[in-house]
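Tertiary structure, described
Given next are the chains, with one letter for each unit.
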Amino acid sequence: MTNHKTAVVYVRLKDGVLDPQGVTIHKALTQMGYDDFTSVRTGRFFELEIKADSEDIDRKIDEVCSKLLANPVIETYTVEKR
Amino acid sequence: MKVGVVTFPGSNCDYDAYAAIKHVLGEEVEFLWHKSADLLGSDIVILPGGFSYGDYLRSGAIAKFSPIMEKVIAFAENGGLVMGICNGFQILTESGLLPGALMRNTHLRFSCKYVYVRVENNTTAFTRHLKQGEVLKIPIAHNEGNYYHFADEIKKLEAHGQVVFRYCTRDGEITPEANPNGSINNIAGICNREGNILGMMPHPERAVEHILGSADGLRLFESLRAVLASSGVSVEAQ
């Protein structure tokens, strides 16, 4: 059983992996006049709604993250439960 | 020689591969449906290009869990010949059959054009009848073809001769300008350590007749046929 209803998974590229989208967004911001930022990194997040009677959920979330939601070669993830 | 071409929902080069094998090469070929778990006795399995499962999440990420892939992974790990083209290459890296990852092209554009690639390893079954250093003209069509791995892993790949094709100029020079997607070391195709699994972003099945602009791609399939004919043995598809 779990008291948490939602797991929010944040997936981002590992440090050192080039993020061409982030680079392009950073350039756009600079061109718009916002020269306050040294870099931009993109990522994505997933909201997993957890069933009330779910068991062993931490382990399962970790599994789905490493098996599917993130590619461990290039990405890392963090989980925030609410 | 019997080739199996996997069709995932969203594959769109499966017919090109089928036609190249059947009508140009003149060999036996079958489609393998993603939901089936039967390789139908194939000597070689091709994972074709396209957008399997809509490329949702990441290219190739969902396809690795389909029933047919369970068989393909077992076949490949048993020494069976598996060739992943474009999205097929992405599926191979996502499945862990090949190292590394294919990331978004650095220029963020879908790139669809003829490129030149240099043969870097002609000891695999896919390239044995090509010359080392030979330049092939084969088209690419992808948005995520930017091969990436960590520096020490790239060193290992290079040391073991796992880089099979590299983007080059028409004269075979490896230059940044000849690199269409930002791949490390101009990598266009790699194999596993044993050499029975090949992944490549360029589409050899689209370059099998001169009327298409090049027939260089056919030579990979001819190489496979020659290797299978000479060895007389193949890994039994389960």
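Each remark here, short or long, concerns the structure printed above.
Everything quoted here is computed from the prediction, not taken from an experiment. (Residues numbered from 1 in each chain as written. Chains lettered and ligands numbered in written order. Predicted model: local features only at pLDDT ≥ 70, side-chain atom pairs only at ≥ 80, totals over all residues. Heavy atoms only, no water.)

1. Regarding the overall build of chain A
When its secondary structure is counted, chain A shows two helices and three strands. Written out in order from the N terminus, the α and β elements of chain A read β-α-β-α-β. The C-alpha radius of gyration of chain A comes to 16 Å, more than 25% above the 12 Å expected for a compact globule of 82 residues. Projecting the C-alpha coordinates of chain A onto the three principal axes gives extents of approximately 50 × 25 × 15 Å. Split into buried and exposed, the 82 residues of chain A put 28% on the buried side. Taken as a whole, chain A presents about 5,600 Å² of accessible surface, with 54% of it coming from carbon and sulfur. Here chain A holds 12 positive side-chain charges and 14 negative ones, and the gap between their average locations is 3 Å. (Helix = DSSP H or I, 4+ residues; strand = E, 2+ residues; numbered from the N terminus. Rg over C-alpha atoms; globule rule 2.2 N^0.38 Å. Buried < 20%, exposed > 50% of the residue type's maximum accessible area, 1.4 Å probe, protein only. Areas by Shrake-Rupley, 256 points an atom, 1.4 Å probe, with all protein chains shown as cover. Lys, Arg positive; Asp, Glu negative; His and termini not counted. Charge placed at Lys NZ, Arg CZ, Asp CG, Glu CD.)

2. Here we look at the side chain of D19 of chain A
Residues and elements named next belong to chain A. Of note, D19 is situated in the loop between β1 (6–13) and α1 (20–31). Among buried Asp, Glu, Lys and Arg side chains, D19 stands out as unpaired, with R41 the closest opposite charge at 4.9 Å. When neighbours within four sequence positions are excluded, D19 is seen to be in contact with L13, V40, R41 and T42. (Salt bridge = Lys/Arg side-chain N within 4 Å of Asp/Glu carboxyl O. Contact = heavy atoms within 4.5 Å.)

3. Quick look at the environment of G22 of chain A
All names here are of chain A. Within the element layout of this structure, G22 appears in helix α1. Owing to a relative accessible area of 0%, G22 belongs among the buried residues under this scheme. Once you skip the residues sitting within four places of it in the chain, G22 turns out to touch V40 and T42.

4. Some details on the pattern of salt bridges
Here the structure, examined in full by the defined rule, presents 16 salt bridges over all chains. The shortest N-O distance in the salt bridge between E94 of chain B and R58 of chain B comes to 2.8 Å. Of this pair, E94 of chain B sits in helix α3 (residues 87–95) while R58 of chain B sits in the loop between β3 (44–47) and α2 (67–77), placing them 36 residues apart in sequence. The same class applies to E94 of chain B as to R58 of chain B, namely buried. One salt bridge connects K156 of chain B with E153 of chain B, and the closest N-O pair in it is separated by 3.3 Å. Pair noted here: K156 of chain B and E153 of chain B are both in helix α4 (residues 151–159), with a separation of three residues, about one helical turn. For E153 of chain B, a relative accessible area of 25% gives the class partly exposed. One salt-bridge network, held together by shared partners, links D56, R59, E63 and K67 of chain A.

5. Some points on the interface of chain A and chain B
Listed per partner, the contact involves 18 residues of chain A and 17 residues of chain B. Carbon and sulfur atoms make up 68% of the area that chain A and chain B hide from each other, which totals about 1,400 Å². In terms of surface lost to chain B, no three residues of chain A exceed P20, L68 and V73 of chain A, which account for 34% of the buried area on that side. Here chain A is connected to chain B by one salt bridge. Linking R58 of chain B and E75 of chain A is a salt bridge whose minimum nitrogen-to-oxygen distance equals 3.7 Å. The interface formed by chain A and chain B holds six residue pairs in polar contact (both at pLDDT 80 or more) in total. Contributions of two or more residues to the side of chain A that touches chain B are made by α1, β2 (43–49) and α2 (57–69) of chain A. (Buried area = accessible area lost by both parts, 1.4 Å probe. Polar contact = N/O pair within 3.5 Å; in protein donor to acceptor, adjacent residues only side chain to side chain.)

6. Section: the nonpolar core
If you look at the biggest cluster of nonpolar residues, it comprises 64 residues, and the most contacted ones within it are V45, I46, M83 and F165 of chain B. In terms of residue count, the dominant contributor to this core is helix α5 (residues 218–231) of chain B (six residues). Ignoring sequence-local partners within four residues, the contact set of V45 of chain B consists of G4, V6, L32, L39, V72, F75, L81, V82 and M83 of chain B. Within the second largest apolar cluster, 12 residues are counted, among which are A7, I57 and L69 of chain A together with A61 of chain B. (Core = buried A, V, L, I, M, F, W, Y, C linked by side-chain atoms within 4.5 Å.)

7. What to know about the packing of aromatic side chains
Residues and elements named next belong to chain B. As enumerated under the stated definition, the model contains six aromatic pairs over all chains in all. A ring pair is formed by Y15 and F31, whose centres lie 4.7 Å apart and whose planes are at 50°; its orientation type is tilted. With Y15 in helix α1 (residues 14–25) and F31 in strand β2 (residues 28–33), this residue pair connects regions lying 16 residues apart in the sequence. Look at Y18 and F31: their rings are 4.5 Å apart centre to centre, the planes differ by 15°, and that puts the pair in the stacked class. With Y18 in helix α1 and F31 in strand β2, this residue pair connects regions lying 13 residues apart in the sequence. Residue class for Y18 comes out buried when judged on its relative accessible area of 18%. For F31, a relative accessible area of 26% corresponds to the partly exposed category. Counting every residue linked through ring pairs, the aromatic cluster contains Y15, Y18 and F31. Lying over the aromatic face of Y114, K137 brings its terminal NZ or CZ to 4.8 Å of the ring centre. (Phe/Tyr/Trp six-rings, centres within 6.5 Å; stacked < 30°, edge-to-face > 60°. Lys NZ or Arg CZ within 6 Å of the ring centre and 35° of its normal.)

Treat this as a map of the structure, not an account of what it does.
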